[in-house]
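Coordinate analysis (summary)
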6 protein chains.
Amino acid sequence: MPNKLSPPAHDPSHEWGLAGIVADLRASREELHRTRHPLGIRELPSREAVVRIVNGLRSALFPTHYGAPDLTAESVDYYVGHTLESTLRLLHEQIRRALRFLPEYRESSDADLSGRAFEIAREFGHQLPAIRALLVSDIQAAFTGDPAAQHITEILLCYPGVWAMTHHRLAHALHRLGVPLLARFINEIAHSATGIDIHPGATIGPSFFIDHGTGVVIGETAIIGERVRVYQAVTLGAKSFPAGNDGVLVKGNARHPVVEDDVVIYAGATILGRVTIGHGSVIGGNVWLTHSVPPGSNVSQGKVREGSGGEAPDDGRGG
Amino acid sequence: MPNKLSPPAHDPSHEWGLAGIVADLRASREELHRTRHPLGIRELPSREAVVRIVNGLRSALFPTHYGAPDLTAESVDYYVGHTLESTLRLLHEQIRRALRFLPEYRESSDADLSGRAFEIAREFGHQLPAIRALLVSDIQAAFTGDPAAQHITEILLCYPGVWAMTHHRLAHALHRLGVPLLARFINEIAHSATGIDIHPGATIGPSFFIDHGTGVVIGETAIIGERVRVYQAVTLGAKSFPAGNDGVLVKGNARHPVVEDDVVIYAGATILGRVTIGHGSVIGGNVWLTHSVPPGSNVSQGKVREGSGGEAPDDGRGG
Amino acid sequence: MPNKLSPPAHDPSHEWGLAGIVADLRASREELHRTRHPLGIRELPSREAVVRIVNGLRSALFPTHYGAPDLTAESVDYYVGHTLESTLRLLHEQIRRALRFLPEYRESSDADLSGRAFEIAREFGHQLPAIRALLVSDIQAAFTGDPAAQHITEILLCYPGVWAMTHHRLAHALHRLGVPLLARFINEIAHSATGIDIHPGATIGPSFFIDHGTGVVIGETAIIGERVRVYQAVTLGAKSFPAGNDGVLVKGNARHPVVEDDVVIYAGATILGRVTIGHGSVIGGNVWLTHSVPPGSNVSQGKVREGSGGEAPDDGRGG
Amino acid sequence: MPNKLSPPAHDPSHEWGLAGIVADLRASREELHRTRHPLGIRELPSREAVVRIVNGLRSALFPTHYGAPDLTAESVDYYVGHTLESTLRLLHEQIRRALRFLPEYRESSDADLSGRAFEIAREFGHQLPAIRALLVSDIQAAFTGDPAAQHITEILLCYPGVWAMTHHRLAHALHRLGVPLLARFINEIAHSATGIDIHPGATIGPSFFIDHGTGVVIGETAIIGERVRVYQAVTLGAKSFPAGNDGVLVKGNARHPVVEDDVVIYAGATILGRVTIGHGSVIGGNVWLTHSVPPGSNVSQGKVREGSGGEAPDDGRGG
Amino acid sequence: MPNKLSPPAHDPSHEWGLAGIVADLRASREELHRTRHPLGIRELPSREAVVRIVNGLRSALFPTHYGAPDLTAESVDYYVGHTLESTLRLLHEQIRRALRFLPEYRESSDADLSGRAFEIAREFGHQLPAIRALLVSDIQAAFTGDPAAQHITEILLCYPGVWAMTHHRLAHALHRLGVPLLARFINEIAHSATGIDIHPGATIGPSFFIDHGTGVVIGETAIIGERVRVYQAVTLGAKSFPAGNDGVLVKGNARHPVVEDDVVIYAGATILGRVTIGHGSVIGGNVWLTHSVPPGSNVSQGKVREGSGGEAPDDGRGG
Amino acid sequence: MPNKLSPPAHDPSHEWGLAGIVADLRASREELHRTRHPLGIRELPSREAVVRIVNGLRSALFPTHYGAPDLTAESVDYYVGHTLESTLRLLHEQIRRALRFLPEYRESSDADLSGRAFEIAREFGHQLPAIRALLVSDIQAAFTGDPAAQHITEILLCYPGVWAMTHHRLAHALHRLGVPLLARFINEIAHSATGIDIHPGATIGPSFFIDHGTGVVIGETAIIGERVRVYQAVTLGAKSFPAGNDGVLVKGNARHPVVEDDVVIYAGATILGRVTIGHGSVIGGNVWLTHSVPPGSNVSQGKVREGSGGEAPDDGRGG
């Protein structure tokens with residue numbers, strides 16, 4: 001019988017040495033991490049599932065723009081109801097996985113955990129109409145604030161700031177409902193797509209507009225009022241991290257700015273620490289600010305140094 | 001008969017309350033937007049289709065690098081012809097959808113709209129050889145301008161600036177042909193992938209090179225000459241937005257910089273307003289510039305403040 | 001016979017003029033590039049393959065977080081061995097393609113090239129345990145350095161800096177093994193996903209932490225010590241590019257900063273040229289630095305200019 | 001500049017001679033089919049779309065078995081409504097394409113055609129509850145008629161006869177509504193999956209059960225009563241095709257059997273022509289029958305010829 | 001603000017009447033099936049999962065033909081181990097779902113059910129080497145029995161009989177381990193692909209060869225010895241179904257043929273009832289046999305009736 | 001540091017015993033097949049690639065029906081040329097793999113093998129116009145021969161006989177060009193989809209029509225003339241297989257029927273051995289024929305036995 005079912009050819013000069021690498025990697029895992037998974041956690045939240053959840057929620061909130069453009073008055077509620085249901089079911093499962101990482105659920109039974117996750121997902125579902133109202137205010141702020149904006153459709157389809165805020169407003173609700181890991185996951189997906197990095201803990205009022213957005217960073221305890229506008233590369237960060245007596249960083253204390261209503265912060269401005277930017281202030285581009293300013297302030301950068309072509313200043317580049 | 005085709009189980013303690021959420025979302029849509037889609041627009045441009053169009057055009061322009069590397073002299077024209085045809089057909093459809101958003105086409109018949117879209121797509125097709133020539137000049141500029149560049153293939157495959165300029169040069173042609181929504185869409189796709197945000201209205205001469213690129217913003221009415229080089233986080237923006245007597249922002253007026261030939265702008269520089277950077281000037285990194293400079297200028301930032309380790313300056317961070 | 005197999009309809013008013021565009025594009029290819037592919041290279045490295053390679057390596061290094069969360073003690077080595085093998089085989093092929101671009105392999109026989117590629121892939125495989133150890137140190141640095149970090153899983157799933165460093169440490173190994181094109185490809189994929197742009201040639205010590213990360217640029221010849229921390233938009237770049245007598249840029253010389261152990265560099269700082277930042281120094285946000293500083297230095301930016309609401313400073317934006 | 005953007009290599013010894021083949025194929029198309037598409041039909045029904053339509057309808061009819069097993073009493077109507085709507089929309093489009101092939105719609109305007117297609121799709125939608133009732137009777141017949149059947153779920157998931165009847169009952173409704181091409185398409189998809197070939201014109205009463213099914217053929221004008229059971233390889237075919245004076249086959253006349261209520265037809269039986277099988281008859285396996293039989297008949301095959309091992313009968317095989 | 005976020009247009013003349021259809025379908029579900037899912041079964045076995053399981057097992061059994069052709073001696077065991085593990089895990093889950101349909105598991109706790117499913121899957125895993133040996137004997141029988149067979153690879157890739165027997169031998173093992181629903185599912189997948197319909201309960205000895213195969217049916221209680229060969233359209237079926245006093249079909253009794261060693265059954269032969277075909281017999285094509293025959297028998301069909309062209313016999317067809 | 005990177009949990013009661021199964025499977029491979037792959041063949045033809053090749057050829061032959069319905073006179077040749085080229089390239093590779101299985105190429109160098117494969121693929125390409133002409137004759141025969149056929153489009157999209165003949169005519173050309181393994185592969189793909197099993201060696205004249213088709217088997221050395229029509233379940237098979245003195249089956253000799261022009265063979269007829277069916281003959285359904293018949297013959301089956309309802313004949317079924 002020609003061509004028997006033979007084993008694969010053995011040619012030592014073309015071996016990878018797999019057994020050795022596998023053993024070394026095993027040793028590396030064991031040496032560095034002598035303990036097991038705490039509680040035997042084997043079910044991690046899934047990035048793919050989280051992406052589908054956010055897309056599903058976006059479709060349920062704005063069905064004709066993100067769902068199916070040819071929905072009719074007759075069909076739209078079926079679409080919304082079905083999309084919501086299948087999305088909330090996915091969310092329930094991911095919440096369940098994420099809760100297990102919290103100390104208070106480490107010892108919970110599977111049934112208790114699932115039940116708690118269901119309650120959270122249901123409560124989250126009921127917050128969606130209010131979240132939608134906030135997002136509509138953000139979209140209107142973009143239309144008002146950008147002279148290049150032509151119509152709502154352009155804003156919904158093309159504005160990275162609106163994309164990022166959709167992620168944030170959903171993530172913030174989950175953060176408040178006690179699922180920080182999932183919330184963080186949602187915002188990192190927007191960060192990767194837009195370059196806008198908002199911590200899900202940040203509190204942001206209605207009618208918020210981020211233009212361009214690449215490089216924006218907003219920290220965990222930041223509080224932003226109504227009708228605030230920020231441009232690309234703006235940082236609302238922490239100034240320093242106090243450590244406790246044990247040398248470990250103190251977590252969770254208020255360490256990011258408070259920005260009051262109607263403030264505008266131009267591109268590249270960096271505001272650090274628990275300072276307050278009074279309402280109606282304008283912070284100029286590239287400004288570095290680590291103290292509070294009163295309402296109605298105007299803050300801008302100092303002058304640049306110029307020379308003629310003959311000079312050879314440091315023509316620094318980043319390459 | 002065991003296992004009848006029974007309806008799904010009803011367990012009220014595991015209900016989402018979907019009917020309520022669906023009703024609230026419907027109310028939210030109706031309350032905020034009492035009017036219908038203007039003109040009953042139900043066909044929005046599709047992001048997926050636009051991604052396929054740009055990929056198709058890139059393949060037709062550079063068939064061996066982005067299309068099929070094993071094309072031969074015998075097969076390449078079949079490939080280009082077929083790719084062009086199917087891509088232009090997709091483009092025709094997306095242009096048709098986008099035109100409906102323009103006031104001048106709101107009342108057009110379907111046939112007129114489709115005919116106009118076809119003319120635009122055809123005209124766009126005939127501009128492709130010229131667009132290709134511009135892109136070749138950009139690629140050559142990257143090779144000349146970056147000491148790390150090894151060969152053309154590396155530039156075509158690995159340089160985000162070239163990727164963004166391919167999107168821009170295609171989008172700019174569509175913008176000039178009267179399809180701003182589609183053009184914007186194309187550039188936002190590049191913005192998400194590269195962090196480079198160029199408005200499709202910007203006019204950019206040949207041999208333009210963007211290095212690294214993250215955070216670059218170039219505004220709608222910017223005009224850039226030949227052989228200009230910019231680095232990451234450079235902004236060519238507007239200084240302020242005048243409002244008309246009615247308080248509404250004036251749209252479309254020239255409000256972004258003019259950059260003449262052979263200018264270099266280093267990382268983080270911010271140039272704002274309808275100022276002119278004279279030919280051959282060098283703008284240093286992180287500079288903040290809101291007035292014109294003559295040809296051959298050198299502009300750089302002021303000095304920093306330094307302290308020894310004993311001091312404790314604000315160690316501001318963005319976290 | 002109704003409905004014959006007829007040729008497509010001919011309607012000149014709906015023709016694209018394909019033949020003309022195809023001919024113009026052919027002329028454009030021929031005019032600008034009169035030579036052939038050097039050496040008839042037709043096999044380019046494939047972005048899709050490189051993405052799969054990096055994902056495969058990440059799964060082999062951290063099987064329960066990036067591979068299959070439900071692996072057990074019984075199955076994990078099978079998983080790692082199989083994943084490694086199929087990934088190294090893919091890598092072998094991509095290395096083979098990439099080597100052909102190097103001058104020293106232009107004349108190699110196919111067999112020699114494939115053999116050399118195999119040796120490199122095998123050597124790379126044997127470096128994976130050491131690479132894993134470096135990445136574990138980076139993950140621990142993130143946990144230590146960020147007050148918001150909750151646990152290792154959050155860091156592995158949600159921290160763009162860790163994502164980028166995984167790409168970099170793999171790419172750097174390939175760069176040192178003589179496959180710069182593939183290394184560059186790997187880091188550009190991370191650049192697109194995270195906004196962090198590290199040249200694969202950069203040398204980075206253990207326990208490196210990048211927070212937020214958007215806009216970070218680290219140049220080819222940078223050298224970074226142990227336990228260094230950098231924030232978003234930090235540039236470690238070159239100051240200028242010396243050209244040789246022939247006017248061509250000199251390639252490969254040391255032109256980026258040396259950062260010693262335990263340095264922290266805050267957001268937006270730009271450090272340019274072959275300067276040394278002494279160990280333990282803290283470089284403040286937005287600082288522009290083009291000279292060396294001794295160990296223990298504290299460097300920060302100058303003061304801003306402030307006005308009251310009545311003034312009208314340049315409210316520059318980037319739009 | 002190394003590695004120019006060169007055209008693909010030209011190596012005549014590796015050419016396919018594409019231009020010649022393309023020209024010959026064009027000549028073949030033109031020679032054989034000198035006319036154009038009648039009416040310029042360019043939109044053919046799409047197999048992929050028809051597959052999606054049938055799957056969608058199956059899911060709407062049996063949502064927990066073919067749709068989403070975890071539907072609840074709360075969510076099932078949203079699911080059914082949304083699935084129906086998107087499926088009917090797809091169907092509308094495919095009906096529109098199929099109608100154009102009918103002589104009576106060759107001259108219709110696009111709007112008329114679309115309107116007629118909508119009416120048909122809507123009427124079809126309203127027939128679905130009745131179609132479901134028929135299918136439930138078929139499923140119950142399978143449970144009653146097969147001693148191996150365990151429960152309804154097994155029948156819905158594993159019985160090719162039920163699969164084929166689902167296609168047939170949907171196709172038959174479309175056939176009667178005047179869309180024969182689409183109906184035929186639907187049944188051929190089931191034919192390929194099950195080996196059961198039912199012409200969509202065949203009229204089949206409730207509680208019909210096909211066991212095994214491979215090779216079953218049921219012709220266009222067959223009429224089958226209630227509670228009929230057939231096994232694999234049964235043919236209900238035509239005996240001969242009368243031609244008219246012009247030598248062309250006469251189309252559409254009644255030429256297939258009538259099978260009355262409660263008949264059983266065993267494997268391989270072939271019944272041909274417009275004969276009637278009286279109610280309650282049993283037709284044995286492999287029988288060849290071309291005349292009518294009265295109610296209550298039993299028909300079986302003649303005897304076989306047997307020999308001992310010494311003989312050598314024709315050991316015919318099909319190889 | 002132009003282009004508000006309006007609700008979809010309402011045009012009654014283009015409504016489907018969805019609400020009515022949805023209500024009618026709900027009524028249809030409720031009327032016919034007044035009871036709920038027994039035990040609230042909501043998790044059905046998944047066809048997609050079963051397909052993946054069979055493919056995984058096939059790859060583990062014949063790794064170089066169905067898995068990855070370029071496996072080497074170094075890598076094959078990693079491949080087999082990893083493939084087995086992920087496949088058995090999938091199988092565990094599907095067994096768990098299928099067991100719930102059996103009366104003896106209706107009241108089991110989830111944990112008990114999962115534990116039992118695990119035991120079955122593990123036992124099944126340990127039977128794989130023996131199953132492989134049987135399949136190798138079938139492959140060798142195909143090579144010996146078909147004069148057209150060129151080599152083992154052709155048989156593994158192109159012989160539907162080998163494909164069907166792979167499904168059957170796996171399904172039979174599951175059937176014996178008490179998972180009939182899953183077993184049935186597996187064989188129906190092969191039935192659809194090959195037209196060969198073997199009930200998973202059938203007992204088939206080694207070195208079994210089915211040539212061509214379309215239309216073969218082998219019943220639940222058939223017993224087939226060693227080195228048996230059958231051709232297309234052979235049926236090993238039941239003759240009649242006795243009903244009990246209650247009129248319900250008696251299930252599970254022996255009602256299909258016993259075929260002893262070294263029997264050949266040619267195309268189209270139909271053997272019915274609990275008869276025995278003695279070893280070494282040859283059953284001719286199209287034979288209809290309902291009684292036992294002794295070892296060494298030769299059975300063939302009677303003569304045909306022939307006429308000259310002038311006659312007009314029934315030229316029956318199936319159309 | 002909570003949640004260390006721990007190794008997967010070890011729980012012996014949930015182990016599969018993988019190591020044992022893997023070892024047993026290895027032993028099974030080694031015991032039964034002590035030799036290696038002959039010649040170290042590791043590259044098998046790929047089913048997926050063959051499917052793509054046939055689809056590509058079908059699209060090139062009938063571009064508006066199987067390729068892209070909206071092709072225009074301007075674009076069709078680009079489409080055909082591009083499709084041909086990419087398909088022939090795939091075919092080249094698969095031919096190369098298949099040739100290695102032939103004894104005469106076992107010792108060939110890789111370059112020789114590839115060169116020969118290229119020649120075959122090129123020659124095959126040049127036969128495509130002639131193959132298309134044959135297929136057009138088959139399509140016309142279907143239109144003429146089936147009273148239910150409405151138009152060419154229905155035949156191209158819905159007739160399994162045309163689908164199978166497309167595969168056969170392509171496979172037969174490859175068979176004659178010396179690539180039997182690939183040819184067999186192509187026909188088995190059609191066999192699975194249609195239930196029609198034609199050996200690629202069979203010689204079939206123009207205008208051949210298979211109606212319904214399930215269960216048709218046509219053997220390797222069959223010769224079929226012009227304008228022949230066959231129905232479902234027709235077998236043109238071998239009668240017996242002579243063995244040589246060594247007991248091994250003689251391969252390749254003429255052992256299947258010759259069917260002359262204008263013959264019709266009705267459903268279920270079985271014709272075996274190297275007999276000749278004279279031109280113009282009609283073979284009735286279910287006939288069993290093992291001798292030649294002169295031109296113009298009419299052959300039909302004997303009579304059936306009938307009884308009244310009171311009798312209880314063997315109501316044999318296949319279940």
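Residues numbered from 1 in each chain as written. Chains lettered and ligands numbered in written order. Predicted model: local features only at pLDDT ≥ 70, side-chain atom pairs only at ≥ 80, totals over all residues. Heavy atoms only, no water.

Per the secondary structure count, chain A includes 8 helices and 15 strands. Relative to its 319 residues, chain A shows a buried fraction of 64%. Summarising the internal contacts of chain A: among those between residues at least 6 apart in sequence, 47% fall at separations of at least 24. Summed over its atoms, the accessible surface of chain A is roughly 10,500 Å², and 51% of this surface lies on carbon and sulfur atoms. (Helix = DSSP H or I, 4+ residues; strand = E, 2+ residues; numbered from the N terminus. Buried < 20%, exposed > 50% of the residue type's maximum accessible area, 1.4 Å probe, protein only. Contact = heavy atoms within 4.5 Å. Areas by Shrake-Rupley, 256 points an atom, 1.4 Å probe, with all protein chains shown as cover.)

To continue, consider helix α7 (residues 160-176) of chain E. Residue and element names in this part refer to chain E. The end-to-end C-alpha distance of α7 is 24 Å, a good match for the 24 Å that 17 residues give at a rise of 1.5 Å each. Where burial is concerned, most of α7 is hidden: 14 out of the 17 residues are buried. Trailing α7 by a residue or two, G178 shows a phi angle of about 95 degrees, which is positive. (Expected span 1.5 Å × (residues − 1).)

Residues and elements named next belong to chain A. Taken domain by domain, chain A holds domain 1 (44-196) and domain 2 (211-319). Taken together, the contacts link 6 residues of domain 1 with 7 residues of domain 2. At the boundary of domain 1 with domain 2, total buried surface from both sides reaches about 460 Å², with 49% on carbon and sulfur atoms. Considering only the surface of domain 1 that becomes buried against domain 2, G145, G195 and I196 emerge as the three largest contributors, covering 58% of it. Where domain 1 touches domain 2, the interface holds 1 residue pair in polar contact (both at pLDDT 80 or more). (Domains from an automatic or database assignment. Buried area = accessible area lost by both parts, 1.4 Å probe. Polar contact = N/O pair within 3.5 Å; in protein donor to acceptor, adjacent residues only side chain to side chain.)

It is worth spelling out the side chain of H82(F) at this point. The topology assignment puts H82(F) in helix α4 (residues 76-99). Under the relative-accessibility criterion, H82(F) is labelled buried at 16%.

Sheet strands pair by backbone hydrogen bonding; their relative direction is either parallel or antiparallel. Read from one edge of the open sheet, 5 strands run β1-β4-β7-β10-β13 (chain B), paired in parallel fashion. Strands with a single pairing partner mark the edges of an open sheet, and in this sheet they are β1 (197-198) and β13 (288-289) of chain B. (Pairing = 2+ DSSP bridges.)

We now examine the sheet that holds strand β8 (residues 258-259) of chain F. All names here are of chain F. Read from one edge of the open sheet, 4 strands run β2-β5-β8-β11, paired in parallel fashion. What marks the edges here is a single partner per strand, and that holds for β2 (203-204) and β11 (276-277). Pairing of strand β5 (residues 223-224) with β8 involves 2 bridges; the strand directions are parallel. Its bridge partner being in β8, I224 is matched across the sheet by V259.

Residue and element names in this part refer to chain E. Between helix α5 (residues 110-145) and α7, the least distance of the axes is 10 Å, while the angle of their chain directions is 150 degrees. By the angle between their axes, α5 is roughly antiparallel relative to α7. For the pair α5 and α7, the sense of crossing is right-handed. Side by side, α5 and α7 meet where F124, Q127, L128, I131, L134, L135, D138, I139 and A142 of the first sit next to V162, M165, T166, R169, L170, A173 and L174 of the second. Across the contact of α5 with α7, the residue classes break down as 12 nonpolar, 2 polar and 2 charged. (Axes fitted to C-alpha atoms, helices over the stretch in contact; angles between N-to-C directions. Parallel < 35°, antiparallel > 145°, perpendicular 65-115°, else oblique. Left-handed = near helix turned anticlockwise from the far one by under 90°. Nonpolar A, V, L, I, M, F, W, Y, C, P; charged D, E, K, R; others polar.)

Moving on to unusual backbone geometry. For R227(B), which is not glycine, the phi dihedral falls at a positive 55 degrees. Secondary-structure assignment places R227(B) in the loop between β5 (223-224) and β6 (229-230). For R227(B), a relative accessible area of 41% corresponds to the partly exposed category. Positioned with a positive phi, A233(D) is a non-glycine residue whose angle comes to about 65 degrees. Turning to its location among the elements, A233(D) is positioned in the loop between β6 (229-230) and β7 (235-237). On the basis of relative accessible area, A233(D) is assigned to the partly exposed category, the value being 32%.

Next up on the list: the environment of L57(E). All names here are of chain E. Of note, L57 is situated in helix α2 (residues 47-61). Along the backbone, L57 and G125 are 68 residues apart, and their C-alpha atoms lie at a distance of 9.4 Å. The contact partners of L57, leaving out residues within four places of it in the chain, are T87, F124, L128 and L170.

What follows is about the side chain of T83(F). Residues and elements named next belong to chain F. Looking at the secondary structure, you find T83 in helix α4. You can call T83 buried: its relative accessible area is 9%. Beyond its immediate stretch of four places on either side in the chain, T83 contacts G56, S59 and A60.

Let us look at the nonpolar core. Within the largest apolar cluster, 552 residues are counted, with the highest numbers of intra-cluster contacts made by F124(A), F124(B), F124(C), F124(D), F124(E) and F124(F). Excluding its chain neighbours within four sequence positions, the residues that come into contact with F124(C) are L57(C), L88(C), L91(C), I131(C), L170(C), A173(C), L174(C) and L177(C). (Core = buried A, V, L, I, M, F, W, Y, C linked by side-chain atoms within 4.5 Å.)

Before going further, it helps to examine the packing of aromatic side chains. One pass over the full model with this rule turns up 30 aromatic pairs over all chains. Ring centres of F62(B) and Y66(B) lie 6.2 Å apart, and the angle between their planes is 80 degrees; on these two criteria the pair is classed as edge-to-face. Taking the relative accessible area as the measure of exposure, F62(B) reaches 3% and is therefore buried. Residue class for Y66(B) comes out buried when judged on its relative accessible area of 18%. Through pairs of rings, three or more aromatic residues link up here, namely F62(A), Y66(A) and W163(A). Between the NZ or CZ atom of R58(B) and the centre of the ring of Y66(B), over which it lies, the distance is 5.7 Å. (Phe/Tyr/Trp six-rings, centres within 6.5 Å; stacked < 30°, edge-to-face > 60°. Lys NZ or Arg CZ within 6 Å of the ring centre and 35° of its normal.)

Moving on: the environment of R100(F). Residue and element names in this part refer to chain F. With respect to the element layout, R100 can be found in the loop between α4 and α5 (110-145). It is 44 Å that separates the C-alpha atoms of R100 and S281, two residues lying 181 residues apart in sequence. Here the side chain of R100 touches Y105 through a polar contact of 2.9 Å, landing on its backbone oxygen.

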